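These are the residues of each chain, in order.
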Amino acid sequence: QVQLVESGGGLVQAGGSLRLSCAASGRTFSTYAMGWFRQAPGKEREFVAGISRSGGSTDYADSVKGRFTISRDNAKNTVNLQMNSLKPEDTAVYYCNAHRDIQDYWGQGTLVTVSS
């Protein structure tokens, strides 16, 4: 089992930046593909960014391409999401996800609020 703890959310003005971090427990972190999802009020949870087990492959939602960067450090059991040029529509609770085979684990989420 993997436990995930997100941090780094907060209030930022439009155009600003935030860096989210997700710390994972256990010794099998490198065997999981990792991702970030978000859920805005009244909306369904949506994919934001993903990264392969080795970190060699990444994927992004069209809405964040060119603004967000996902990275991971398998030695430290962490995955990060650098968010630049933030927009009010990026406001949401951001969740860290660990995926392997049919297993999915989620963190508790961290709130990002972007003011206009």
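Residues numbered from 1 in each chain as written. Predicted model: local features only at pLDDT ≥ 70, side-chain atom pairs only at ≥ 80, totals over all residues. Heavy atoms only, no water.

A.B. asks: Break down the pattern of salt bridges for me, with residues and values.
C.D. replies: Under the defined criterion, the tally for this structure stands at four salt bridges. For Arg67, the salt bridge is made with Asp90, and the minimal N-O distance between the two is 2.8 Å. Pair noted here: Arg67 is in the loop between β6 (58-60) and β7 (68-73) and Asp90 is in the loop between β8 (78-83) and β9 (92-100), with a separation of 23 residues, a long-range link. For the pair shown, Arg67 and Asp90 are each scored as buried. One network of salt bridges, with partners in common, ties together Arg38, Glu46, Arg67 and Asp90. (Salt bridge = Lys/Arg side-chain N within 4 Å of Asp/Glu carboxyl O. Helix = DSSP H or I, 4+ residues; strand = E, 2+ residues; numbered from the N terminus. Buried < 20%, exposed > 50% of the residue type's maximum accessible area, 1.4 Å probe, protein only.)

A.B. asks: Give me the sheet that holds strand β3 (residues 18-24): which residues, what numbers.
C.D. replies: Taken in spatial order, the four strands of this open sheet run β1-β3-β8-β7, and their pairing is antiparallel. Every interior strand has two partners, whereas the edge strands, β1 (4-7) and β7, have only one. Strand after strand, the sheet turns through a mean of 15° between neighbouring axes, direction not considered. One ladder, built from six bridges, connects β3 with β8; its direction is antiparallel. Bridge pairing links Ala23 to Thr78 in β8. (Pairing = 2+ DSSP bridges. Axes fitted to C-alpha atoms, helices over the stretch in contact; angles between N-to-C directions.)

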